[in-house]
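So you can see what is in the structure, the chains are spelled out below.
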Amino acid sequence: MTLFLLKRLGHMAIVLIGVTLVVFALIQLVPGDPVRLAMGTRFDPDVYAALRAASGLDRPLVEQYFSYLGNALTGNLGVSFRSGDPVTLLLLARLPATLSLAIASLVVAGLISFPLGIHSALNRGKFSDVVVRVISQFGVSVPDFWMGIILILVFSTTLGWLPPSGYVAITENPWEWFRRVLLPAITVGTASGAIMTRYIRSSVLESLGSDHARTARSKGLPERIVMSRHILRNALVPVITVGGVQLAGLLGGVVVVEVVFAWPGLGRLVYDSVAARDYPVIQGAVLLIAVLFLFINLIVDIVYAKVDPRIALS
Amino acid sequence: MSAAQVTADTAAVTGSAPLWRRSLKALLASPVVWFCLVVLGTVLLCAVFGEQIAPQSANETDVSRAFTPPGPDAWMGTDDLGRDVFSRVVLSAAPTLQVSVTSVGIALVVGVTLGLLAGYYRGWVDVVVMRVVDVMFAFPVMLLAIAIVAVLGAGLTTAIIAIGVVYTPIFARVTRASVLSVREEPFIKAAKSLGARDSRIIFTHVLPNVSAPIIVQTSLSFAFAILSEAALSFLGLGVQPPDPSWGRMLFDAKSFLNQGWWLSVFPGAAIFITVLAFNLIGDALRDVLDPKTMTKERA
């Protein structure tokens, strides 16, 4: 297990360096002077000089990268071209909204996928299995932003049950947060739920036909015990990975949904920063989400290796 | 015996030609596949003959007809400027297909080439390619695409580049995984012992034998590329106004949810049904091309 951990951490360190290289390269790809472009018609020579010096763009490329890497390691992601505020503070202010939406979406995905996936596998080939497979196919294919608009159209505009947009922190007013997170969470969670349904279905199917299930039955164990202790327990182990990957994906995948629901998270910040050509904020958000993505995957791998020791041994 | 004969003999032994024909037959026997072909054929027709099919041009405005509900005069209604929604939905098929086909083409060519080289040569080529792939996988697809478009500037070309770049790693990974098993096959060793060049072995012997998962991935990637293009256009980063696009139509419709449900329903339905068709075809292809299924068929 220790060797597995060390290997996994080493691999992650290499990928992290690659991630910083890609994020650093983003600003270098801007055609022209990024600071000048960001200032647009609000050009002021003094502000321009200050921002350019603060961004380090006047230094040699290699020096810029190592400076960027060093600063990033200490939590300094530069300053916003638009407001002059530290990027790290801007990101931290938006992170709770995105995290709360991602977790709520994962709960929705779990509520959809576990019953549907298990039911579908246990009734393979029957009408209800076909219905579940059709639903999951629809869930994967529906554009999330369209689904968001349709949900607003039905539940806000037509029925008036839920607010169409806006955000209230869960610490401020949990009920109001719930009312406002419901539609975006259903929007984001449906696609993830559809993907997870497919994984759970195939995992349960595989477990149903496995040797250990046959052995458990041949011992004369009641079907209920075989199902709960031997089939579902084993079948749901790989779902840890899928759930983790989905959570990591949700963090970065909510950009468009945050725009639809005016949800003030990282996605909305990226969208606003793109319009304002605020490159340090875009870089910072991309880096933060990629790092979170890697850490979630690392935790998932460790949990998975703990649950299934064969992974660490292999 | 030439390398070509080795391939022909291998094909004869494994029965790959009849298998492909059987796969195609199995594919066309499914009503779902026919439904998908009809949908995709219609989208293709709209993309090629959109100007002829659409009753009006995409930007023909008539404010007196604004927010006309769907009816005989305007099948899908009109928008806030009195533009015909049906015409705009039809004319949006061309840029959508242009972006998805070109971007998936880029991802396919670059990703498959990298996967073939990494899987065939192993060693440092494999290490470098796979580490780059790992790094690319660390970024959520949509976020990276948005970041690329943000730095290069919004537009059709940059959307193509962005979507092409973000879907390249998956092709590299899928191809490499298949190449790793194929490179140990006796017919590859036979071709090597006959002195065939590496490029010939890779493109004539390895590539055809790893094509099944690549075909499946291509179909699924078309679905994702259409969703990505629509999302980028929705955010104002893809197709630029006044050119119509399904994503941009949805963004505009968001401001008029009270005035006309049709403004958001029809463009979204167009994206949904096209993506659904590509996903279903991808699944059907996987079913008929999956090695497990093929083994069962052979047995």
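Note that the structure is predicted; figures quoted are calculated from it, not measured.

## Things to note about the overall build of chain A
When helices and strands are counted, chain A shows 15 helices and zero strands. Here the C-alpha coordinates of chain A stretch approximately 85 × 60 × 35 Å along the principal axes. Taking all 314 residues of chain A together, the buried fraction comes to 47%. Surface summary for chain A: the accessible area is close to 14,900 Å², and the carbon and sulfur share equals 67%. Averaging the coordinates of the 25 positive side-chain charges in chain A and doing the same for the 18 negative ones gives two points 13 Å apart.

## Focus: the overall build of chain B
A count of helical and extended segments in chain B gives 14 helices and zero strands. The linear arrangement of helices and strands in chain B, starting from the amino end, is α-α-α-α-α-α-α-α-α-α-α-α-α-α. C-alpha extents for chain B along the principal axes are approximately 75 × 45 × 30 Å. Here chain B holds 299 residues, and 54% of them are scored as buried. In chain B, 73% of the contacts between residues at least 6 apart in sequence involve partners at least 24 apart. Summed over its atoms, the accessible surface of chain B is roughly 13,100 Å², and 66% of this surface lies on carbon and sulfur atoms.

## Some details on the domain arrangement of chain A
Residue and element names in this part refer to chain A. As far as domains go, chain A holds domain 1 (2-87) and domain 2 (97-307). Each of domain 1 and domain 2 was reduced to a C-alpha centroid, and the two centroids are 32 Å apart. Of the roughly 2,000 Å² buried where domain 1 meets domain 2, counting both sides, 77% is carbon and sulfur surface. When the buried area of domain 1 at its contact with domain 2 is split by residue, R8, M12 and R82 rank highest and sum to 26% of it. A salt bridge links D301 to R8, with the nearest nitrogen and oxygen atoms 2.5 Å apart. The tally of links between domain 1 and domain 2 comes to five residue pairs in polar contact (both at pLDDT 80 or more). Looking at the side of domain 1 that touches domain 2, the elements that each hand over two or more residues are α1 (2-28), α2 (34-39) and α4 (61-73). At twelve residues, the largest contribution of residues to the side of domain 1 that touches domain 2 is made by α1. When its residues are assigned to classes, the side of domain 1 that touches domain 2 shows 20 nonpolar, two polar and two charged.

## Some thoughts on the packing of helix α6 (residues 127-141) of chain A against helix α8 (residues 174-208) of chain A
Residue and element names in this part refer to chain A. With their axes 7 Å apart at the nearest point, α6 and α8 run at an angle of 140° to one another. Judged on the interaxial angle alone, α8 and α6 are oblique. Considering how the two elements wind past one another, α6 and α8 form a crossing that is left-handed. Between α6 and α8, the residues in contact are D129, V132, R133, S136, Q137, G139 and V140 and T190, A191, A194, I195, T197, R198 and R201, respectively.

## Things to note about the packing of aromatic side chains
As enumerated under the stated definition, the model contains 17 aromatic pairs over all chains in all. Between W261 of chain B and W262 of chain B, the ring centres sit 5.7 Å apart and the planes meet at 85°, which makes this aromatic pair edge-to-face. On the basis of relative accessibility, which here comes to 42%, the residue W261 of chain B falls in the partly exposed class. Here the aromatic residues F24, Y65, F66 and Y68 of chain A are joined through ring pairs into a cluster of three or more.

## Some words on helix α11 (residues 237-253) of chain A
Between its first and last C-alpha, α11 of chain A extends 25 Å over 17 residues, near the 24 Å set by a 1.5 Å rise per residue. Those residues of α11 of chain A lying buried are V237, V239, V242, G243, G244, Q246, A248, L250, L251 and G252 of chain A. Residues of α11 of chain A that are buried in the fold lie against α5 (87-122), α8, α10 (223-235), α12 (255-260) and α14 (279-307) of chain A together with α7 (141-152) of chain B.

## Details of the confidence of the model for chain A
On average, residues of chain A score 86 in pLDDT, and 98% of them reach the 70 mark or higher. Of all helices and strands in chain A, the one with the weakest mean pLDDT is helix α15 (residues 309-313) of chain A (64), whereas α5 of chain A scores best (92).

## Examining the nonpolar core
Within the largest apolar cluster, 160 residues are counted, with the highest numbers of intra-cluster contacts made by V19 and F145 of chain A together with I146, V206, F234, L235 and I271 of chain B. The element contributing the most residues to this core is helix α13 (residues 262-289) of chain B, with 15 residues. When residues of this core are assigned to domains, at least three map to each of domain 1 (2-87) and domain 2 (97-307) of chain A. Of all hydrophobic cores here, the second largest spans 13 residues; its members include I200, V204, A216 and V226 of chain A.

## Notes on the interface of chain B and chain A
Contacts between the two partners involve 36 residues from chain B and, on the opposite side, 41 residues from chain A. Interface of chain B and chain A: buried area, both sides summed, is about 3,700 Å²; carbon and sulfur atoms make up 82% of it. Ranking the residues of chain B by area buried against chain A places L143, V151 and F272 of chain B at the top, with a combined share of 17%. Across the pair R198 of chain A and D283 of chain B runs a salt bridge whose closest N-O atoms are separated by 2.9 Å. Inspection of the region where chain B meets chain A yields six residue pairs in polar contact (both at pLDDT 80 or more). When contributions to the side of chain B that touches chain A are tallied by element, the ones reaching two or more residues are α6 (123-137), α7, α11 (211-234), α12 (246-253) and α13 of chain B.

## As for the environment of V43 of chain B
Residues and elements named next belong to chain B. One can find V43 in helix α3 (residues 31-53). Through-space distance from the C-alpha of V43 to that of A270 is 8.9 Å; in sequence the pair is 227 residues apart. Other than its neighbours up to four places away in sequence, V43 contacts A93, L97, W246 and T274.

## Looking at the confidence of the model for chain B
All names here are of chain B. Averaged over all residues, the pLDDT of chain B equals 86, while 90% of them reach at least 70. Between residues 1-15, whose pLDDT stays under 50, and residues either more than four places distant or in other chains, the model counts 17 contacts. Below pLDDT 50 for its whole length, residues 293-299 participates in eight contacts with residues either more than four positions away or in separate chains.

## Some details on a nonpolar patch on the surface
The grouping of L44, L45, V48, F49 and I53 of chain B at the surface amounts to a nonpolar patch, some 460 Å² of accessible area in total. Accessibility expressed as a relative area gives 45% for L45 of chain B, which makes it partly exposed.

## Points about the pattern of salt bridges
Pairing between side chains of opposite charge can happen when their charged atoms approach one another. According to the stated counting rule, one finds 17 salt bridges over all chains in the structure shown. Between R59 of chain A and E63 of chain A there is a salt bridge whose closest N-O contact spans 3.8 Å. A salt bridge links R183 of chain B to E184 of chain B; the shortest N-O distance between them is 3.1 Å. Residue R183 of chain B is classed as buried on the basis of its relative accessible area, which comes to 18%. Several salt bridges converge on common partners, so that one network encompasses E176, R179 and R180 of chain A.

Cut-off values and rules
- Residues numbered from 1 in each chain as written.
- Chains lettered and ligands numbered in written order.
- Predicted model: local features only at pLDDT ≥ 70, side-chain atom pairs only at ≥ 80, totals over all residues.
- Heavy atoms only, no water.
- Helix = DSSP H or I, 4+ residues; strand = E, 2+ residues; numbered from the N terminus.
- Buried < 20%, exposed > 50% of the residue type's maximum accessible area, 1.4 Å probe, protein only.
- Areas by Shrake-Rupley, 256 points an atom, 1.4 Å probe, with all protein chains shown as cover.
- Lys, Arg positive; Asp, Glu negative; His and termini not counted.
- Charge placed at Lys NZ, Arg CZ, Asp CG, Glu CD.
- Contact = heavy atoms within 4.5 Å.
- Domains from an automatic or database assignment.
- Buried area = accessible area lost by both parts, 1.4 Å probe.
- Salt bridge = Lys/Arg side-chain N within 4 Å of Asp/Glu carboxyl O.
- Polar contact = N/O pair within 3.5 Å; in protein donor to acceptor, adjacent residues only side chain to side chain.
- Nonpolar A, V, L, I, M, F, W, Y, C, P; charged D, E, K, R; others polar.
- Axes fitted to C-alpha atoms, helices over the stretch in contact; angles between N-to-C directions.
- Parallel < 35°, antiparallel > 145°, perpendicular 65-115°, else oblique.
- Left-handed = near helix turned anticlockwise from the far one by under 90°.
- Phe/Tyr/Trp six-rings, centres within 6.5 Å; stacked < 30°, edge-to-face > 60°.
- Expected span 1.5 Å × (residues − 1).
- pLDDT = per-residue confidence, 0-100.
- Core = buried A, V, L, I, M, F, W, Y, C linked by side-chain atoms within 4.5 Å.
- Patch = residues over 30% accessible without salt bridge, like charges linked within 9 Å, V, L, I, M, F, W, Y side chains within 5 Å.

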